[in-house]
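Next come the chains, spelled out residue by residue.
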Amino acid sequence: MSLTFHWFLPTNGDSRHVVGGGHGTPATETGRDRPPTVAYLSQIAHAAEDLGFVGALTPTGAWCEDAWLTTAMVSQNTERLKFLVAFRPGFVSPTLAAQMASTFQRQTDGRLLLNVVTGGESHEQRAYGDFLDKDARYRRTGEFLQIVRGLWKGESVDLDGEHLRVADARLARLPEPVPEVYFGGSSSAAGEVAARYVDVYLTWGEPPAAVAEKIAWIRSLAAKEGRTLRFGIRLHVITRDTSAQAWAEANRLLDGFDPETVKSVQAGLARSESEGQQRMLALHGGGSPLDSRRRSSGGTRTRLEIHPNLWAGIGLVRGGAGTALVGSHEEVAERIKEYAALGIEEFVLSGYPHLEEAYWFGEGVLPKLQAQGLWQHPFGQPAASPAQVPFAGAGG
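Residues numbered from 1 in each chain as written. Predicted model: local features only at pLDDT ≥ 70, side-chain atom pairs only at ≥ 80, totals over all residues. Heavy atoms only, no water.

## Brief notes about the overall build of the protein chain
Applicable threshold: Starting at the N terminus, helices and strands are each numbered in turn, a helix being any DSSP run of H or I of at least four residues and a strand any DSSP run of E of at least two. Think of it in three bands: residues with accessible area under 20% of the maximum for their type are buried, residues over 50% are exposed, and the middle band is partly exposed, with areas taken using a 1.4 Å probe on protein chains only. Here, two residues are considered to be in contact whenever any of their heavy atoms come within 4.5 Å of each other. Where accessible areas are quoted, they stem from the Shrake-Rupley method and a 1.4 Å probe; at the residue level, only the protein chains shown are allowed to cover. Charged residues are defined narrowly, with Lys and Arg counted positive, Asp and Glu counted negative, and His plus the chain ends left uncounted. Working definition for charges: the position is that of NZ of Lys, CZ of Arg, CG of Asp or CD of Glu.
Tallying secondary structure elements over the protein chain gives 13 helices and 15 strands in all. Projected onto its principal axes, the C-alpha positions of the protein chain cover 65 × 45 × 40 Å. Within the protein chain, the proportion of its 396 residues that are buried is 59%. The contacts of the protein chain with a sequence gap of at least 6 include a subset with a gap of at least 24, amounting to 73%. Element-wise, carbon and sulfur atoms account for 50% of the exposed surface of the protein chain, whose accessible area totals about 15600 Å². Side-chain charges in the protein chain split into 39 positive and 45 negative, and the spacing between the mean points of these groups amounts to 2 Å.

## Overview of the environment of A222
Secondary-structure assignment places A222 in helix α7 (residues 208-224). Counting along the chain gives 26 residues from A222 to R196, while the straight-line C-alpha distance between them is 6.6 Å. Contact partners of A222, with chain neighbours within four places excluded, come to A195, R227 and L229.

## Some remarks on helix α2 (residues 67-75)
A turn of α-helix holds 3.6 residues, and therefore any two residues three or four places apart point the same way. Selection criterion: This arc is built from the directions going out from the helix axis to the C-beta atoms.
All buried positions along α2 are accounted for by A67, W68, T70, T71, V74 and S75. Relative to the axis of α2, the buried residues are bounded by an arc of 165 degrees and lie together on one face. Residues of α2 that are buried sit in contact with α1 (38-51), β2 (55-58), β3 (82-87), α3 (94-108) and β4 (112-116).

## A word on the pairing of strand β5 (residues 157-160)
Note the cut-off: Paired strands are those between which DSSP finds at least two bridges.
Alternating residues of β5 divide into V157 and L159, all buried, and D158 and D160, none buried. The sheet contact formed by β5 and strand β6 (residues 165-169) spans 3 bridges and is antiparallel. Opposite L159, over in β6, you have V166 as the bridge partner. Taking the residues that link successive antiparallel strands as the turn, the β5-β6 hairpin has 4 residues.

## A word on the nonpolar core
Side chains of a nonpolar character, in soluble globular proteins, are inclined to be buried together. Filter applied, for reference: Here, nonpolar core means buried Ala, Val, Leu, Ile, Met, Phe, Trp, Tyr and Cys residues that are tied together by side-chain atoms lying within 4.5 Å of each other.
F5, I336, Y339, F347 and F361 are the most contacted members of the largest nonpolar core, which has 79 residues in total. Not counting chain neighbours up to four residues away, the residues in contact with F347 comprise L3, T4, F5, H6, I233, I336, Y339 and A340. Counting 18 residues, the second-largest nonpolar core is a separate cluster that includes V18, W247, W311 and A324.

## Describing the confidence of the model for the protein chain
Selection criterion: Confidence per residue, as judged by the predictor, is encoded in pLDDT with a range of 0 to 100.
Taken residue by residue, the protein chain gives an average pLDDT of 90. The fraction at 70 or more is 91%. pLDDT under 50 marks residues 288-301. Its contacts with residues more than four places away, or in other chains, come to 27 contacts. The low-confidence segment residues 387-396, where pLDDT is below 50, has 20 contacts with residues more than four positions distant or belonging to other chains.

## Focus on the packing of aromatic side chains
Counted only if it meets this: A pair of aromatic rings is counted whenever rings of Phe, Tyr or Trp (Trp by its six-membered ring) have centres within 6.5 Å, and the orientation is called stacked for planes under 30 degrees apart, edge-to-face for over 60 and tilted otherwise.
All chains considered together, the criterion is met by 10 aromatic pairs. Measuring from ring centre to ring centre gives 6.0 Å for F53 and F361, while their planes differ by 35 degrees; the resulting arrangement is tilted. Of this pair, F53 sits in the loop between α1 and β2 while F361 sits in helix α12 (residues 354-364), and the two are 308 residues apart along the sequence. Residue classification places F53 among the buried residues on the basis of a relative accessible area of 0%. Residue classification places F361 among the buried positions, given a relative accessible area of 0%. Measuring from centroid to centroid gives 6.3 Å for Y201 and F231, while their planes differ by 70 degrees, and the two rings are edge-to-face. Of this pair, Y201 sits in strand β8 (residues 200-204) while F231 is found in strand β9 (residues 230-240), placing the two residues 30 residues apart along the sequence. In this pair, the class of Y201 matches that of F231, namely buried. Each member of the aromatic cluster is reached from another via a ring pair, and the members are F5, W7, F53, F347 and F361.

Right under this line is the structure:
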């Protein structure tokens, strides 16, 4: 089995510092350091493609550029990279979404993956005209995927549901291949949708024991539906030649967190209705980075190291995925193996800045996984080495 790795397109801007935003919080000023132009995002996409990432996640929300439009443009500047497009089913009709996906597949030679995001923040949903509560949004997502799945099979779909209604819906042209559906959620309502309709269940980067519990939960629900799913995890990465260098970079990012920004972001995230977001907050406790330092035998660390090489510092200023794998290339590879042993097959990764950090991971970690038979380049190329890339190791 070869593990699958995806990278991230920072459509809210990029920086050598952490760019905040998400779950109803605005992007921070650092997002203006490198604006999310098509040219810059294409540069990241090219790097990911060459290094051996299968796809790239593009987020959704008021804090970033539109994922559909952005990936449609970036796709024309790439050849093989797939695009894991995040979208919210409440904002577009299921028939139109199925048609959009079909068009995307034809125009990109089948390079679309879909990340269905139900939406965890009612105040942000209302800004888009969606006034359902969270549980109702998940029920609507189930109806949405029921319709879309039927359309992609070539069926004529009629549904008079609780939230969605279509009559004699049919696609003139079917997608080839049918896009795989990725989905995450920690509530019971989310679990029911995942078990019935999705291909890959995504979790944020919690410690392995918590991830194992989630996998067991979703597996049991899917088994009752007669289905099996794959599992993926969303993490940031800070990987360097030595552990000391990686933790120095983590502490550099921590030093850049303004205490007032942390306070404001944490206050906003504390109001989140997302169960997954609340689990992220519990990992770091929302404390000030100025009070989080301690000394250990391994050098400067923080109380934010919640499992060996798993650091919760990103979540102090960013909503959504708030943890990072931090360590030497060997240590990060070991943590990936630890998650893989639980059943995680796909890793959706990111790092600041996204261009340079893609090379750190692609040159440092992927060759080690390849040597152990856990990964192979999806396009039949050897793993990258520093000598092959002109600016290898940049961005430290």
